[in-house]
Amino acid sequence: GQNIDQPTEMTATEGAIVQINCTYQTSGFNGLFWYQQHAGEAPTFLSYNVLDGLEEKGRFSSFLSRSKGYSYLLLKELQMKDSASYLCAVIPNYGQNFVFGPGTRLSVLP
Amino acid sequence: DTAVSQTPKYLVTQMGNDKSIKCEQNLGHDTMYWYKQDSKKFLKIMFSYNNKELIINETVPNRFSPKSPDKAHLNLHINSLELGDSAVYFCASSQGQGHYGYTFGSGTRLTVV
């Protein structure tokens, strides 16, 4: 089976840095995505990792370690608008659809 | 212009009714999907179509029937609605199998009473 784990909820303060972890056990690995979903809205694409290492994109960075089945999303200089759910998703094998994790609900406090 | 648009945004209906949700994408993508997001916020694949052909059909009751008249449209018809069908249904599209990411529609919140 395919299994993806993330913390259910996290809280952080405006201006701080937060790291959201994702671990996966899947039948294969063909890429990992992070999506942001605000309440009542569609998920929107944040990042894609297929090789080990850190991908930086403005205030957001995503890290992947394939040998450990582990990724994290790093959010810097948190803003109130970053309060949302963050979904980790894996493509197990080429041609298969995404498997989504349960999402981490991040609350940013003033 | 909305890239992936689905209608209606909200749907409240009684048990036993039949309803349809429509989805259209103007991105020129060749693959479209239906996902269900339940109250626990899990996003689960239901169906995937590539160029109008069904390529993924997860374990979904046969009361759910997708229809793709062309590669820009993927509709979802649900017969004999049940309380447990209440969820948010997301349409999405991608080029190929999604290695460049999915673009999601804004979702249809279905409430069965």
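Coordinates for the structure precede this section.
Bear in mind that the values here come from a model prediction, so they are computed numbers and not experimental data.

Remarks on the interface of chain A and chain B
Listed by partner, the interface residues are 20 residues for chain A and 20 residues for chain B. Of the roughly 1500 Å² buried between chain A and chain B on both sides combined, carbon and sulfur atoms contribute 59%. Together, A:Asn97, A:Phe100 and A:Pro102 form the three largest contributors to the area buried by chain A at its contact with chain B, with a combined 31%. On inspection of chain A and its partner chain B, the count reaches zero salt bridges. Applying the counting rule to chain A against chain B returns three residue pairs in polar contact (both at pLDDT 80 or more). Contributing elements (two or more residues each) for the side of chain A that touches chain B: strand S4 (32–37) and strand S5 (44–49) of chain A.

With respect to the state of the cysteines
One pass over the structure, following the stated rule, counts two disulfides over all chains. Note that A:Cys22 is cross-linked by a disulfide to A:Cys88, the S-S spacing being 2.0 Å. Every disulfide takes its handedness from the sign of the S-S torsion; for A:Cys22 and A:Cys88 that torsion is -70°, giving left-handed. With A:Cys22 in strand S3 (residues 18–25) and A:Cys88 in strand S9 (residues 84–90), the pair connects residues that are 66 residues apart, well separated along the chain. In this structure, A:Cys22 and A:Cys88 share a single accessibility class: buried. Through a disulfide, B:Cys23 is tied to B:Cys91; the S-S separation comes to 1.8 Å. Of note, the bridge from B:Cys23 to B:Cys91 carries an S-S torsion of about -75° and is left-handed in sense. Taken together, the residues B:Cys23 in strand S3 (residues 19–25) and B:Cys91 in strand S9 (residues 87–94) connect sequence positions 68 residues apart.

Some words on the pattern of salt bridges
Scanning all chains against the criterion turns up six salt bridges over all chains. For A:Glu9, the salt bridge goes to A:Arg105, with nearest N and O atoms at 3.0 Å. Here A:Arg105 lies in strand S11 (residues 104–109) and A:Glu9 lies in strand S2 (residues 9–13), a separation of 96 residues in the sequence. Across the pair A:Glu56 and A:Lys76 runs a salt bridge, and its minimum N-O distance is 3.7 Å. Here A:Glu56, found in strand S6 (residues 53–57), pairs with A:Lys76, found in the loop between strand S8 (70–75) and S9; they are 20 residues apart in sequence, far enough to count as distant. According to the relative accessible area criterion, A:Glu56 is exposed, its value standing at 54%. Connected through salt bridges with shared partners, the residues B:Arg63, B:Glu82 and B:Asp85 form a single ionic network.

Reading guide: rules and limits
- Every residue gets a number counted from 1 within its own chain, in the order that chain's sequence is written.
- A letter from A marks each chain and a number from 1 marks each ligand, given out in the order of writing.
- Residues qualify for local features only when their pLDDT is at least 70, as the model is predicted, and side-chain atom pairs are given and counted only at 80 or more; totals for whole chains, interfaces and linings, by contrast, use all residues.
- Heavy atoms throughout the structure, all of them, feed into the side-chain values; hydrogens and water do not.
- Residues are treated as being in contact if the distance between any of their heavy atoms lies within 4.5 Å.
- Once two parts are joined, some of their accessible surface, as seen by a 1.4 Å probe, is lost; buried area is that loss totalled over both.
- Any Lys or Arg side-chain nitrogen found within 4 Å of a carboxyl oxygen on Asp or Glu counts as a salt bridge.
- By the criterion applied in these results, polar contacts are pairs of N or O atoms within 3.5 Å in which, for protein atoms, one can donate a hydrogen and the other can accept it, and in which residues neighboring in sequence qualify only through two side-chain atoms.
- Starting at the N terminus, helices and strands are each numbered in turn, a helix being any DSSP run of H or I of at least four residues and a strand any DSSP run of E of at least two.
- The term disulfide is used for any two cysteine sulfur atoms that are within 2.5 Å.
- Between buried and exposed lies partly exposed: a residue is buried under 20% and exposed over 50% of the maximum accessible area for its type, with that area taken using a 1.4 Å probe on protein chains only.

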